[in-house]
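Architecture and fold: a report
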Amino acid sequence: VFFSGNGPSGICLSYLLSGYTPYFKRHSLHPHPILQRKLEEAPEVSVLDQDLEYLSEGLEGRSHNPVALLFDTLQRPDTDFGGIAESVLSWCHEPDRAIPHLVLGRNAPGGAWHSIEGSMVTLSKGEWMGLPDLPFKEWLKQKRRGLRNNRATAEDIAQYYQHYVVKKGLQKNFRCGTVVTSVRKVSAESISNHTQKDLQENSDSLWDSNKKSTEVFQVDGFFKTVEGDKEFFSIYAENVVLATGTYDNPTWLGVKGENLSYVHHQLSALEEAVKNNSVGIMSDPVLIVGAGLTAADAILFAHHCNIPVIHVFRRRVTDPGLIFNQLPKMMYPEYHKVHQMMKEQTAACAGPYECYISLPEHHVLSFGKDKKCILQDKNGCQKAYKISMALVLTGSNPNLSFLPNNGIDLAIDSDQPVSSKRNPIDVDPFTYECTQEKGLYALGPLAGDNFVRFVQGGALAAASSLVKKANKNPP
C-alpha cells in the first residue's frame, strides 16, 4: 500500500496498518447504550474486523461521515458534552496483522502542521489533536507545558506528530522530502518481468501474482537529497491512499493584478514583511481579504504589531454561515474580538479600534501597479484604496496535479475541481475507497473531514477495508 501525504491521516493509517489493533475494552461502559450493546456482542473481534456500518448506525455529532463519528466516540466517549470519560478501546500490537506500506510526504511527519507559524493556536481543543493510544495532554505534560485555554500551538502539534511516529515505531514506513508527480493505472502486462520479479521479492503487498486484477497503480516522483539533487522513483502498488490535505493551493480571486508582487496568498508573507520592516505602524494599510480563521489570524497579528488594516469580505457580519457566529465566545476570545472589530469598526461607523477598518459585503475588483486597490460594495459603488500589501486569505484547495485531470473525475461533482468544503472526492463512507476508482482511497480534507479528531475515522475505515482485502478469512 502506498500513501501520498504524511499528516495526521497518513500517520493514523500507518499505525493501524502496522499491526496496532483496536478492541473493545472489557468492562468499560460507553454512554451510548445502543453502541455499548453492539460492542458487547463480539468483544473478542477487533473493531477493524467488525461491520463498521452496523456499529456507526444511529450515531450523531459534528461530522457527516459515520465512521468518523464512530472512531471519535470510541476514543473520546462524551467529549462534546465536556465529559472526560476514558476511551473504550484497548490496543494490542499484533505484528502478524501488519500490512507493508510506504508513506511519502514533502515535510517531516505531521504534514502541513510544519508549515504553519509555530505560535498559532489551534481551533480545536488540544486533546482533540491527539492520535490513538497516546493522548496529546500526556505528551504535553512530559514537556512540562500546559494547554492555553484548552488549546495547543501549531509548534506543539507538529512536534507531537513527529514524536508519535518515533514512539510507535513507524519511522521505517515514512519517507520525507518526497514529491509525487504522477499516480496512474497501468496494466500488469506493461511492467517488465524483471520489475515484477523484484517487486515480488521485495513485498507481497506491492504485487500479488495470484491476484486476478490486471491493473496496478504506477506512482512516480522524486526524493530530494541532502545535496539538493532529485532522485527519481517509480513504485507499483495495488492500493494507493491520497492523504495530501488542502494546504498546498491557496485560492485566488481571479481579478486583474492579483499576480503583482505585493499581493500574497499566505499569512507567512505578512510575518516576513514585519520581520523585514517593510510594513509597520507608519506604512499604508495592509489589505486583508477573507472572513475565515486565517484572515482573523492575520488581523490579530497585524493588530498586535500596530499595523493598519483594511479588512474586506463578501458576507454580512451577521451571516450565520460566518465561522465567528458558530464559535463559543468563552473558548475563542481572540476570534470573538475580531468579530467585534468587524461589527463595530466599519468605514461608515468609526469604533474603538484604531488602525482597522471593516468593509463587509465588499469585493476586490482589481489591484494596480501603483498599489491602489479598487473595491466595490453591494450597491456597485467603487472606491480606491492605497495599500502597502494585500493578503488574499479565502481558503485553499488540494493540489492533485499528480492525478489524471487533477482528480476532478473522482469528485462528487465531476465537472468541478476537488474542494474539501464544496466538492470532496466521492468515497464509500464505510471504506473511504473512491467510488470511481477501486484501489484508490482518499482521507482527511480530500474526503470532507477537516478536523484531526474526525480524519482518524477515515483511517479506520480504510484500514478495515485493506485488512479485509489482505485477509480472505476474517473472524
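The coordinates are above.
Throughout what follows, the structure given in this document is the object of discussion. Predicted, not measured: the structure shown is a model, and the values here were computed from it. (Residues numbered from 1 in each chain as written. Predicted model: local features only at pLDDT ≥ 70, side-chain atom pairs only at ≥ 80, totals over all residues. Heavy atoms only, no water.)

1. Brief notes about the overall build of the protein
- Of regular secondary structure, the protein possesses 11 helices and 20 strands.
- By the burial criterion, 52% of the 475 residues in the protein qualify as buried.
- Carbon and sulfur atoms make up 49% of the accessible area of the protein, which amounts to about 22,900 Å² in all. (Helix = DSSP H or I, 4+ residues; strand = E, 2+ residues; numbered from the N terminus. Buried < 20%, exposed > 50% of the residue type's maximum accessible area, 1.4 Å probe, protein only. Areas by Shrake-Rupley, 256 points an atom, 1.4 Å probe, with all protein chains shown as cover.)

2. Looking at the sheet that holds strand 18 (residues 389-392)
- The five strands lie next to each other as 11-18-12-13-14, forming an open sheet whose pairing is parallel. Either end of the sheet is taken by a strand with one partner, and the two such strands are strand 11 (263-264) and strand 14 (356-360).
- The pairing of strand 12 (residues 286-289) with strand 13 (residues 309-313) spans four bridges and is classified as parallel. Looking across to strand 13, one finds that L287 is bridged to I310.
- Taken strand by strand, helix 8 (residues 268-275) contacts strand 11, strand 12 and strand 18, and its axis lies near 155° from that of strand 18.
- Together, strand 13 and strand 14 form the strand contacts of helix 10 (residues 333-344), whose direction differs from that of strand 14 by roughly 75°. (Pairing = 2+ DSSP bridges. Contact = heavy atoms within 4.5 Å. Axes fitted to C-alpha atoms, helices over the stretch in contact; angles between N-to-C directions.)

3. Quick word on the nonpolar core
- Judged by nonpolar contacts, the single largest core of 80 residues is most densely connected at L13, V240, L242 and I425.
- With nine residues, helix 11 (residues 452-470) is the single largest residue contributor to this core.
- Filtering out sequence-adjacent residues up to four positions away, V240 remains in contact with F2, V183, F217, V219, G439, L440 and Y441.
- One finds L270, A298, L327 and Y353 within the second-largest nonpolar core, a separate group that totals 31 residues. (Core = buried A, V, L, I, M, F, W, Y, C linked by side-chain atoms within 4.5 Å.)

4. As for the pattern of salt bridges
- Counting across every chain of the model gives 13 salt bridges.
- Linking E86 and K25 is a salt bridge whose minimum nitrogen-to-oxygen distance equals 3.9 Å. Taken as a pair, E86 in the loop between helix 4 (66-75) and strand 3 (89-93) and K25 in the loop between strand 2 (20-24) and helix 2 (33-41) lie far apart in primary sequence, 61 residues in all.
- Among the residues examined, K25 registers a relative accessible area of 26% and is labelled partly exposed. (Salt bridge = Lys/Arg side-chain N within 4 Å of Asp/Glu carboxyl O.)

5. A short note on the packing of helix 9 (residues 293-304) against helix 10
- One way to put it is that helix 9 packs onto helix 10 with a least axis distance of 10 Å and a crossing angle of 85°. Taken as axis vectors, helix 9 and helix 10 run roughly perpendicular relative to one another. Facing L293, A296, D297, I299, L300 and H303 of helix 9, the residues of helix 10 in contact are E334, Y335, K337, V338 and M341.
- In terms of residue class, the contact of helix 9 with helix 10 is built from seven nonpolar, one polar and three charged. (Parallel < 35°, antiparallel > 145°, perpendicular 65-115°, else oblique. Nonpolar A, V, L, I, M, F, W, Y, C, P; charged D, E, K, R; others polar.)

6. Digging into the pairing of strand 13
- Most of strand 13 sits inside the fold, with five of its five residues counted as buried.
- The two faces of strand 13 match: V309, H311 and F313 on one face and I310 and V312 on the other face are all buried.
- Once the chain exits strand 12 it traverses helix 9 before rejoining the sheet at strand 13, and the crossover so formed is right-handed.
- Looking at chain direction, strand 13 and strand 14 are connected through five bridges and run parallel. (Right-handed = clockwise from strand over helix to strand, strands pointing away.)

7. With respect to the packing of aromatic side chains
- Scanning the model with the defined rule gives 12 aromatic pairs in all.
- Each ring, one from Y15 and one from W91, has its centre 5.2 Å from the other, and the planes form 55°; the classification is tilted. You can see Y15 sitting in helix 1 (residues 8-17) and its partner W91 sitting in strand 3, a full 76 residues away along the chain.
- A relative accessible area of 0% places Y15 in the buried class.
- By relative accessible area, W91 is classed as buried at 17%.
- Taken together, a centroid distance of 5.2 Å and an interplanar angle of 85° make the contact between F136 and Y160 edge-to-face. Of this pair, F136 sits in helix 5 (residues 136-142) while Y160 is found in helix 6 (residues 154-167), placing the two residues 24 residues apart along the sequence. (Phe/Tyr/Trp six-rings, centres within 6.5 Å; stacked < 30°, edge-to-face > 60°.)

8. A closer look at the packing of helix 1 against helix 11
- Two elements in contact, helix 1 and helix 11, have axes whose closest approach is 8 Å; the angle formed by their N-to-C orientations is 40°. With respect to helix 11, the element helix 1 is oriented oblique. The hand of the helix 1/helix 11 crossing is right-handed. Packed against helix 1, whose contacting residues are P8, S9, C12, L13, L16 and L17, the element helix 11 presents V452, V455, Q456, A459, L460, A462, A463 and L466 at the interface.
- Broken down by class, the residue content of the contact of helix 1 with helix 11 amounts to 12 nonpolar, two polar and no charged. (Left-handed = near helix turned anticlockwise from the far one by under 90°.)

9. Section: the environment of N306
- Mapped onto the elements, N306 comes out in the loop between helix 9 and strand 13.
- With relative accessibility at 42%, the residue N306 sits in the partly exposed group.
- Along the chain, N306 and Y356 lie 50 residues apart, while their C-alpha atoms are 9.5 Å from each other.

10. Section: helix 10
- Between the first and last C-alpha of helix 10 there are 16 Å, a value that for 12 residues agrees with the 16 Å anticipated at 1.5 Å per step.
- Within the span of helix 10, buried status applies to E334, Y335, V338, H339, M341 and M342. For helix 10, the angular spread of buried residues about the axis comes to 155°, placing them on one side.
- Contacts made by the buried residues of helix 10 are with helix 9, strand 13 and strand 14. (Expected span 1.5 Å × (residues − 1). Arc of directions from axis to C-beta.)

11. Topic: unusual backbone geometry
- The phi torsion at H27 lies on the positive side, around 70°, for a residue other than glycine.
- With respect to the element layout, H27 can be found in the loop between strand 2 and helix 2.

12. Quick word on helix 8
- Looking at helix 8, one finds that the buried residues are A269, L270, E271 and A273.
- Considering only its buried residues, helix 8 is in contact with strand 11, strand 12, helix 9 and strand 18.

13. With respect to the sheet that holds strand 16 (residues 372-377)
- The three strands lie next to each other as 15-16-17, forming an open sheet whose pairing is antiparallel. Single-partner strands in this sheet number two, and they are strand 15 (362-367) and strand 17 (382-386). Sheet twist, expressed as the average angle between the axes of neighbouring strands with direction ignored, equals 30°.
- Looking at chain direction, strand 16 and strand 17 are connected through five bridges and run antiparallel. Directly across from K372, in strand 17, lies its bridge partner K386.

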